[in-house]
Every structure is written in C-alpha cells, then in structure tokens.
Amino acid sequence: MKYIYGIDVGGTTVKLGLFKEDGSLVEKWEIPTRKENGGAHIIEDIGAALKENIAAHEIREDQLIGAGVGVPGAVLSFEKVNECVNLGWGQVNVAEELGKLLGCPVKVTNDANVAALGELWVGAAKDFCSAVMVTLGTGVGGGMIVDGQIINGSHGYGGEIGHMTVNPAETRRCNCGKTGCLELYASATGIVFETKKALKESDAETSLRRMTDFSAKDIFDLAKEGDAFAAEQVDHLGEKLALAFGNITLTVDPEVFVLGGGVSKAGNILLDAIKKHYRKYTFGAVTEGKFILASLGNDAGIYGAARLIKGE
C-alpha cells in the first residue's frame, strides 16, 4: 500500500489528509496556522504533524509517494511561493523546506488550483479533463485545469479570476489594489455591498428593507421566495459572472465550470442566472456552457493537493 498526503494551508487552519494512492481518504485533521513572525513556524508545524501521523500509521519510507500542498498565493514551478500575504510569506521555497523535513517529494500550487484538481479527480468534475473552478466566498478564487494541466502562468498568477476586470467604470478599489474586479461583485461581501447600494438608489418594495442587516444567503433565499428586488440582484450577479466566464471560455475553452465556496450553496438559482447571460459573451460552439456545483466542499483542497503529487 502506498500513501500520499494532501495539505491545504489556510489563514486560520491547515487542513491535512492522508490518502491511499487510489484517492480514498484514510484520515483528515487540522492544525492551527501560526502566522506570527511572518509565518515562520507554518512549515515546521506541518512537518511535525505529518511525521507524527507517519509514525502512528507505521508508514515506511518506500510507501510514501509524497506530499502536495495548496497555499493562498502565487506559486512558481510547483515549488516556490512568490508571495502569500495572508500567511505573512514573501518568497518561500515550500517544496524544498518541507521536503527536507519529510524526506519525500513535495509539490506546491495555489489553493484554488488544488480545489480544482480535487473536483476533477474524485469530485463533481471527475468525468472531465478540462475545468475552471471558481470559489465564491469571502473573496473570489479561481483554478484552471486544461487537458489535465494546471495553468499557473509565468509569474504564478494564472487563474486569478477574482481580479478580472468586469466593470472598467468602477472607482471602488479591490483588496488587490485594482478597480472593477469580479471579487467586488461576486464575493459574499460584494453581493451584499451591491445590494445595499441598489436599495439606496431604489424605492422598490422588498423584504430586505425590513432587515437590520442581511447576508448573501438572505438575498438568494428571498429571490427564491419571489422577492422581485432580490431576484434582480441575483440577475446582476449572474451577468457579472457570465461576463467573466465568457472571457475565460474564449481564452481556454474549458469543458465545465465548477462553482464552489459559500455563495455556491445558493444552488440552481445562481447557475440559472449565469446561464441566462452567458450566451451573449460567447459565440459559436461554446455558447452552451456547462456549469456545475462543487461536491467536495472544504475537502476539495486536500484531495487536489494529493492529486498534485500523484501525477498521471
């Protein structure tokens, strides 16, 4: 029996998974992400946690294929983190440092890429070879897999879908420093911001006015219940996503778009809003885009990280 470790490094916790070579999960657990001192302890903490697990399962050196890692930042050559602000990292050769601790091969890529790989390996997109994964949560992340290959780009910025410009006239700045980013509209906070803005500019009747505060989920729920104003906000969101997805389609032509993250839990109402507008941003054979919901949830990262080290 051979084993692989999948590691998904987040700003609060590090998710770890022990997998068999066929993709079956043996065990998963978490450790805190210690970001003090510029994240200096993160790699050593991961190494210690994995060594303890290796000992507990009595895994021999010849049984361990390696460890794959997903991080929230740009990665070069599946080895070096170019920058990872959320962890306090500048340039860090994660593959080399963790590899020395474990004595096995280590590969690293962006966390959205490993989520996409996970869904392609054993999740919602397992019947496809090319997919674009879009995570809609506090921010908007993206991972592109074309013909089984991750699109990293020459600087590690491939797949930064959340920072595609979808409104050149926007003056509000995104966390990345740009204006007009998809994240300003399609993140959970962006959806709420745009809806509150629309409320101020409209006198339309809506149950949202009777709420002291509301979430993106509230907007979707009211739209499902027939609230016309809420439905209009979902429609606006669908158009922004359709614009971004249309441009992506005419760049890499994926077989399928996989939507994950908390906002995707809205389900079919979100998919239908995207499909409604998608056609006008594409042409020819790609006008019938395929959109599906992710199925692995928060485990997508550890599955994809394991798939990263497994290779073909």
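Below, the structure is looked at part by part. This is a predicted model, so every value here is computed, not measured. (Residues numbered from 1 in each chain as written. Predicted model: local features only at pLDDT ≥ 70, side-chain atom pairs only at ≥ 80, totals over all residues. Heavy atoms only, no water.)

1. Focus: the nonpolar core
Residues Leu136, Leu241, Phe245 and Leu270 are the most contacted members of the largest nonpolar core, which totals 44 residues. Of all the elements in the fold, those that place two or more residues in this core are strand 9 (131-136), strand 10 (140-146), helix 5 (183-186), helix 6 (188-201), helix 7 (216-224), helix 8 (228-252), strand 12 (256-260) and helix 9 (268-278). Examining the composition of this core, we find that 10 residues originate from one element, helix 8, more than from any other. In this structure Leu136 touches Ala186, Leu241, Leu259, Gly260, Gly261, Gly262, Val263, Ser264 and Leu270, once residues within four positions along its chain are discounted. (Core = buried A, V, L, I, M, F, W, Y, C linked by side-chain atoms within 4.5 Å. Buried < 20%, exposed > 50% of the residue type's maximum accessible area, 1.4 Å probe, protein only. Helix = DSSP H or I, 4+ residues; strand = E, 2+ residues; numbered from the N terminus. Contact = heavy atoms within 4.5 Å.)

2. Quick look at the pairing of strand 8 (residues 106-110)
Counting buried positions along strand 8 gives four out of five residues, so the element sits mostly inside the fold. As defined by bridge partners, strand 4 (residues 64-71) adjoins strand 8 across five bridges and the pair is classed as parallel. Note that in strand 8 the partner of Gly70 across the bridge is Thr109. (Pairing = 2+ DSSP bridges.)

3. Focus: the environment of Cys174
Mapped onto the elements, Cys174 comes out in the loop between strand 11 (149-150) and helix 5. When its relative accessible area of 8% is taken as the criterion, Cys174 is described as buried. A C-alpha to C-alpha distance of 28 Å links Cys174 and Asp299, two positions 125 residues apart in sequence. If we ignore the near neighbours within four places in the chain, the residues touching Cys174 are His163, Cys181, Glu183 and Leu184.

4. Details of unusual backbone geometry
The backbone of Ser77 shows a phi angle near 55 degrees, a positive value even though the residue is not glycine. Along the polypeptide, Ser77 turns up in the loop between strand 5 (74-76) and strand 6 (80-83). Looking at Ser77, the relative accessible area reads 59%, which means it is exposed. Within the chain, Asp147 stands out as a residue other than glycine whose phi angle is a positive 50 degrees. The residue Asp147 is located in the loop between strand 10 and strand 11 in this model.

5. With respect to the packing of aromatic side chains
The final tally for this structure, using the stated rule, is five aromatic pairs. Judged by centre distance (4.6 Å) and plane angle (15 degrees), the rings of Phe245 and Phe257 are stacked. A residue pair is termed long-range when its members are at least 10 positions apart, and Phe245 in helix 8 and Phe257 in strand 12 qualify at 12 residues. Look at Phe245 and you get buried, because its relative accessible area is 0%. Relative accessible area serves as the criterion here: at 2%, Phe257 is assigned to the buried category. Measuring from centroid to centroid gives 5.0 Å for Tyr278 and Phe291, while their planes differ by 85 degrees, and the two rings are edge-to-face. In this pair, Tyr278 sits in helix 9 while Phe291 sits in strand 13 (residues 291-293), placing the two residues 13 residues apart along the sequence. (Phe/Tyr/Trp six-rings, centres within 6.5 Å; stacked < 30°, edge-to-face > 60°.)

6. Concerning the sheet that holds strand 11
In space, the five strands of this open sheet follow the order 11-10-9-12-13, with mixed pairing throughout. What marks the edges here is a single partner per strand, and that holds for strand 11 and strand 13. In this sheet, strand 10 lies alongside strand 9 in antiparallel orientation, the contact comprising six bridges. Within strand 10, the residue paired with Ala131 across the bridge is Ile145. Helix 9 rests against strand 9, strand 12 and strand 13 of the sheet, and its axis sits at about 165 degrees to strand 13. (Axes fitted to C-alpha atoms, helices over the stretch in contact; angles between N-to-C directions.)

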